[in-house]
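Given next are the chains, with one letter for each unit.
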Amino acid sequence: MATNEAAAIVPHEEPNPALLHHFVTEEQQKNAASLGMWLFLAQEVMFFGGMFCAYLVYRYKYFGDFGSASQTLNIWYGAINTAVLLCSSLTVVLAVRAAQLNKRKALTMWLVFTILLGLVFLGVKGIEYKEKFENHHVPGPSFAYHGTVPSHPDQQVNPRHAEIYFSLYFAMTGMHALHMIIGVGLFGTLAVWAWRGKYSANYYTPIENAGLYWHFVDIVWIYLFPLLYLIDRHR
Amino acid sequence: MFSHIPLWPDAASTNAGHVDALYIYLVLICASMTVLIFATLAVFAIKYRRSHNRTAHPIDGSNLLEVAWTVIPFGIFLTFFVWGAVIFFDERTPPQDSTEVYTVAKQWMWKFEHAEGQREINELHVPIGRDVKMIMTSQDVIHSFYVPAFRIKQDVLPGRYTTAWFHATKAGTYHLFCAEYCGTEHSGMIGWVIVMEPRDYQAWLASGGGNQPMAVTGQTLFAEYGCSTCHRSDTEGRGPNLAGLYGKPVVLEDGRTLIADENYIRESIVDPGAKIVQGFKPIMPTYQGQISDEQLNALVQYVKSVGQTSTGQASTGQAATTQAAASQPTNDQNTQAQPAMMTGAAK
Amino acid sequence: MATAVPVDVTERETYLNSGYGIKSWLLTRDHKRIAILYLLSVTLFFFIGGFFALLIRLELLTPAGDLVQSDTYNKLFTMHGQVMVFFFLIPAVPAVLGNFLIPIMIGARDLAFPRINLLSWYLYIAGGLLMVYTILAGGVDTGWTFYTPLSTEFLKTDVITAAIAIFIAGFSSILTGLNFIVTIHRMRAPGMTWDRLPLFVWSHYATSIIQVLGTPVVAITLVLVALERLLHLGIFNPALGGDPLLFQHLFWFYSHPAVYIMILPGMGIVSEIVCCFSRKRIFGYKAMALAVLAIAVLGFLVWAHHMFVAGISVYSALVFSLLSYFVAVPSAVKVFNWTSTMYKGSITYQTPMLYAFGFIGLFTIGGLTGLFLACLGIDVHVTDTYFVVAHFHYVMVGGMVLAYLAGLHFWWPKITGRMYPEGWGKLAALIVFIGFNLTFFPQFILGYMGMPRRYHAYPAEFQVLNVLSTAGATILAVGYLLPMVYFVWSIRYGKPAPANPWNAAGLEWQVPSPPPTSNFEEQPIVTWEAYNYEELGEIPDQQEVPVGH
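What counts as what
Residue indices begin from 1 for each chain and proceed along its sequence in written order. By the order in which they are written, chains take letters starting at A while ligands take numbers starting at 1. pLDDT decides what is reported in this predicted model: residues at 70 or higher carry local features, side-chain atom pairs at 80 or more are listed and counted, and totals for whole chains, interfaces and linings draw on all residues regardless. Side-chain calculation: all heavy atoms of the structure are included, whereas hydrogens and water are not. By the convention used here, strands pair only if DSSP detects at least 2 bridges between them. Secondary structure follows DSSP: runs of H or I at least 4 residues long count as helices, runs of E at least 2 residues long count as strands, and numbering of each begins at the N terminus. Axis definition: a line fitted to C-alpha atoms, limited for helices to the stretch in contact. Angles are taken between N-to-C directions and run from 0 to 180 degrees. Should any heavy atoms of two residues lie within 4.5 Å, those residues are considered in contact. Buried surface area refers to the total accessible area, computed with a probe of radius 1.4 Å, that the two partners give up upon joining, counted for both partners together. We count a salt bridge whenever a side-chain nitrogen from Lys or Arg sits within 4 Å of a carboxyl oxygen from Asp or Glu. Side-chain atoms alone can form a polar contact between residues adjacent in sequence; in general such a contact is a pair of N or O atoms within 3.5 Å, and within protein one must be able to donate a hydrogen while the other accepts it. Residues are grouped as follows: nonpolar covers Ala, Val, Leu, Ile, Met, Phe, Trp, Tyr, Cys and Pro; charged covers Asp, Glu, Lys and Arg; every other residue, Gly included, is treated as polar. The rule is short: rings of Phe, Tyr and Trp, with Trp giving its six-membered ring, pair when the centres are within 6.5 Å, and they are stacked under 30 degrees, edge-to-face over 60, tilted in between. With a 1.4 Å probe rolled over the protein chains alone, any residue whose accessible area is under 20% of its type maximum counts as buried; one over 50% counts as exposed, and the rest are partly exposed. Think of it as a cone above the ring: NZ of Lys or CZ of Arg counts as a charge over the ring if it is within 6 Å of the ring centre and within 35 degrees of the ring normal.

Asks: Explain the sheet that holds strand E8 (residues 162–167) of chain B here, please?
Replies: Two strands in a sheet stick together by hydrogen bonds in their backbones, pointing the same way (parallel) or opposite ways (antiparallel). Residue and element names in this part refer to chain B. Here 5 strands make up an open sheet; going across it, the order is E3-E2-E1-E5-E8 and the pairing mixed. With one partner strand each, in any of the chains shown, strand E3 (119–121) and E8 form the two edges of the open sheet. Taking the axes of each pair of neighbouring strands and ignoring which way they run, one obtains an average angle of 25 degrees across the sheet. Bridge count for strand E5 (residues 131–138) against E8 is 6 bridges, and the pairing is antiparallel. Each residue of the ladder has a partner; that of aspartate 131, found in E8, is histidine 167.

Asks: For this particular structure, what's the right way to read the interface of chain C and chain A?
Replies: Interfaces are frequently sized by the accessible area removed from exposure as the parts join. Contacts between the two partners involve 47 residues from chain C and, on the opposite side, 41 residues from chain A. Carbon and sulfur atoms make up 70% of the surface buried where chain C meets chain A, a total of about 3,700 Å² over both sides. Ranking the residues of chain C by area buried against chain A places Arg109, Arg186 and Ile220 of chain C at the top, with a combined share of 15%. Summed over the shared surface of chain C and chain A, the number is 1 salt bridge. In this structure, lysine 61 of chain A engages aspartate 243 of chain C in a salt bridge whose closest nitrogen and oxygen atoms are separated by 3.8 Å. Between chain C and chain A we count 10 residue pairs in polar contact (both at pLDDT 80 or more) in total. Going through the elements one at a time, helix H6 (159–186), helix H7 (199–231) and helix H8 (244–278) of chain C are the ones with two or more residues in the side of chain C that touches chain A. No other element matches the 9 residues that H7 of chain C contributes to the side of chain C that touches chain A. Considering only residue class, the side of chain C that touches chain A consists of 32 nonpolar, 9 polar and 6 charged.

Asks: Before we go on, may I ask you to explain the packing of aromatic side chains in this structure?
Replies: For any pair of aromatic rings, the description rests on two quantities: the centre-to-centre distance and the angle between the ring planes. On inspection of all chains with the given rule, the structure shows 96 aromatic pairs over all chains. Considering the side-chain rings of phenylalanine 74 of chain B and phenylalanine 326 of chain C, the 4.9 Å spacing of their centres and the 50 degrees angle between planes classify their relative orientation as tilted. Placement of the pair is phenylalanine 74 of chain B in helix H2 (residues 63–91) and phenylalanine 326 of chain C in helix H10 (residues 314–341), with the two residues belonging to separate chains. What makes phenylalanine 326 of chain C partly exposed here is its relative accessible area of 33%. Taking the centre distance of 5.8 Å and the plane angle of 65 degrees together, the rings of phenylalanine 277 of chain C and phenylalanine 410 of chain C count as edge-to-face. Taken together, the residues span a long stretch of sequence, with phenylalanine 277 of chain C in helix H8 and phenylalanine 410 of chain C in helix H13 (residues 386–416) at a distance of 133 residues. Judged by its relative accessible area of 0%, phenylalanine 277 of chain C is buried. An aromatic cluster is present here, built from Trp8 and Tyr23 of chain B together with Phe372, Phe387, Tyr394, Phe436, Phe440, Phe441, Phe444 and Tyr448 of chain C joined pairwise through their rings. Sitting over the ring of tyrosine 204 of chain A, lysine 30 of chain A keeps its end group 5.0 Å from the ring centre.

Asks: Just checking my understanding: could you explain the pattern of salt bridges for this structure?
Replies: Pairs can form between side chains of opposite charge once their charged atoms are near each other. For the coordinates displayed, the defined rule picks out 21 salt bridges over all chains. Across the pair glutamate 128 of chain A and lysine 125 of chain A runs a salt bridge, and its minimum N-O distance is 3.1 Å. Taken together, the positions of glutamate 128 of chain A and lysine 125 of chain A, both in helix H5 (residues 104–134) and 3 residues apart, correspond to about one turn of that helix. For the pair glutamate 128 of chain A and lysine 125 of chain A, one class covers both residues: buried. Residue glutamate 100 of chain B is joined to lysine 304 of chain B by a salt bridge in which the shortest nitrogen-to-oxygen separation is 2.8 Å. You can see glutamate 100 of chain B sitting in strand E1 (residues 99–106) and its partner lysine 304 of chain B sitting in helix H7 (residues 293–305), a full 204 residues away along the chain. Salt bridges here are not isolated pairs; linked through shared partners, they connect Glu100, Lys133, Glu262 and Lys304 of chain B.

Asks: Any chance you could explain the sheet that holds strand E10 (residues 191–196) of chain B here in plain terms?
Replies: All names here are of chain B. Taken together, 5 strands build an open sheet; the order of strands is E4-E10-E9-E6-E7 and the sheet is mixed. At either end of the open sheet lies a strand with only one pairing partner, and these are strand E4 (123–127) and strand E7 (152–156). The average angle at which neighbouring strand axes cross in this sheet is 20 degrees, direction not considered. In this sheet, E10 lies alongside strand E9 (residues 172–178) in antiparallel orientation, the contact comprising 5 bridges. Across the sheet, residue threonine 173 finds its bridge partner in E10, namely isoleucine 194. Those strands touched by helix H3 (residues 198–208) are E4 and E10, and its axis lies near 130 degrees from that of E4.

Asks: Please clarify how the pairing of strand E6 (residues 143–147) of chain B should be interpreted in this entry.
Replies: Residues and elements named next belong to chain B. Most of E6 sits out of view: 5 of its 5 residues are buried. By the alternation rule, side chains of E6 split into His143, Phe145 and Val147 and Ser144 and Tyr146, which are all buried. For E6 and E7, the ladder comprises 5 bridges, and the chain directions are antiparallel. The residue bridging phenylalanine 145 from the neighbouring strand is glutamine 154, located in E7. Linkage of E6 to E7, two consecutive antiparallel strands, is achieved through a turn of 4 residues, within which arginine 151 is found at a positive phi near 55 degrees. For E6 and E9, the ladder comprises 2 bridges, and the chain directions are antiparallel. Its bridge partner being in E9, phenylalanine 145 is matched across the sheet by cysteine 178.

Take a look at the structure:
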């Protein structure tokens, strides 16, 4: 009944080529993409949440052992990587801004900067992993750990508890690094398309959404850094 | 063959009667609810079937009804919850002076050791009229100790103790099942609980011959492993005096207070660094992997017995530290002081 | 009212005849075609899982483990569970009916992200193929629950591929849920306000929330299980200082809400059908919408009621028992409202309505027996016995599968443009109902008697009830095969369906059967409430389609 009476939607005078057929307006399309991204990030929070939950359980259970194992991490690598990631969040924001202002070259440049910073992070992470490997801190048959509980210099750390720390360390930073690699790949694609002029002030949703993703990965690190590196540095 | 089809399990413990009563209550309430809903559906379906002289009568709903059938069922559910909780509380609180049976489960058998020293496999002899407490652990995967006739089930985990208890009321032979899937021969991990008259049970205990009580075995191990060099019966030891420890509050080095239950004693042997007693140094080496579960059980039973019986070697002379711990129940944590409530609790 | 004149299927352009090549299907972004792809694939997995179930029941015909080896039996119940839960129960209603109907019901041309929708199907298929590979490579015997340390340290089977298969299928489920939420938020036609949404859409909205927020937790948990197995990490292994209960917490944090992923969409279907065949608007629309949301939210807070005997503390058991009673209330509210909807209606008993009756009855029993399991004192005795098996089959099979069949029959004319033979439909509904009860009711008694689940061989006193159960399973199998046969038959020989054979409310009945690719010629504008049956009148009489030809 009402279907027949319904007024047909007035078509746009100049349809945006990026408007997909099943959306009525550009605004609807943009809102949908943005809500979709936020839901995806909610999903990601739960995904990492499982590991954070496991971390909290064992941190509570093996308090001193975790403190000791945490002290073996090189705080400078962690700090440098934190700074690198924060900078990369800035370059992403600048990229979005450049898109809003129709600045194609600036957009591409900021995207490339973001990629470079992401690669620096992964490189530092690689160095850290290599050191873990050399120190036998990679969980598995060759794992070995000697150390004392920070608050009890005369108490040996139970290596099995330290191994759980390093298991979680590798699971969490590994999953984080995987997200970084995906992000770098994403920005690589976007940079090529940006250079070809696909994005403009009229259409930059992919840049914005990729930026949201990158900020999320950044925030995960903001939690990982204190939980893994800083928990026992107060002395 | 079909002349006798069993539809109800044997009831052979005090707990079985409690659970059955609650079950019948739930069955009655839920069956009435089901009948009510089915009857209403049937009446409506017939009475309001399509007919030519009547059309459907539009009704939006009724807030009063919505509230009513939210609140009333919830009130009924709460009675289920409270009654169920009371029984559960009872099931999880072994009486103080229970007869104790240590259980080690492994793929795919049950190994029992009575505190008196008798050992058996896949058979558990227990007397009528005594509280029996099962102190259980697993050597490999998770199993579950399940005696339908007692309406008792408790998962058995590797690396810690869980407990269950029952008070058998009827002589007979009852199924013992493993109720948690544990691999290939899961359905073969079954046995029998043999409930005996007290006199028969005494005879059975005596027939074993040559068994020494677990506490005695534990005492020997205590000396063999050199535990007694540090855990001395005076105040001079490098480790806490263990006399009268069991069931008492312990103040830890980080200020926490906990009750010394079986799990605490067990953990202190295999992972001594986990909980350091206030005033002591974390110098005890771990015994993880050096002693078997059976030896561990015996040691735990010995530690529990020290100071509880007049025959224990260290029964006199409560060490100052233990006494201090016992006499300073820190107020806010004192509420935890219900022994065995926390057994099996995930720490 | 919308034209009730049958349209000649062959002339009009529909989503079915808009392209014929295999590519036009495998690369389609049309939500209706993707729904058909899902329909075919979940049906396949349903029969794979059902085949395992039948073997399980055959083995249990006799107390001795004489048909298959115990290892084989363990693999059978494991793969029955994994295939049914992850590859049938969770995707079936949302990915088939939800996919097909949600955009049309809200007046949209497609889901918000058609390409992601297709990606979801490919992920599902990738996970499914890996699952089939796992089965062919010898299967797994972890139980569908993957309990550690059994799954991580002790079993020799291909646990990792099974875990990855479920991981991948999980992301298919997440993306479907994400797509639905965005679609329902952003793609509604003008006038389709939140309080005019069909309850089918509401229930999918609630389901999607669980899919998006719950599934990632089991995904990461299975990753940790796989890593633990590969590298012996020790996170869940007590021998290495880990805690096996942590695994159970993480697993049930998803897997209890997952039960609501299975049942909530079914509730939506039943709401549509009860209204249509009572010719009435739903009783208590707001309460019904609120109830599905309440179930979705509260469903996240009850997971540890699966662990009352697992070694959690008495106090947490008390909390989780109480919360479980909270989640029971909205389920009860729904049953009361369906029943009240029929009050003073004008009821007819077509096949979808028969299934809906079956659903309400069986879900009531399934729900009420859930109260037994939430009750601590009783749960200690009946958990991990056949009581639990019976309970969750009443909810998942009696509830979800009956709702799915109800929905398939209700919307079959819309999906295919053909009517199925009504007489056969009613017969099958009756067979399913009888077969189901005969299969699973005896298991309640078995459970209280103490027969543990996952037993390959069992003591002889349990045999009689097991024989009954196996007999019921045979009948049930016939009941499932029948619709399969006449549905396929109807595609070729069925009477062409009019746009609105049931004279039902809802936008999906205002488009032709089958719908055109773009769903709506013009953007619809909604000016009416949901279930405005008082404006629609009665269901037109249909002559019975003769069975056979």
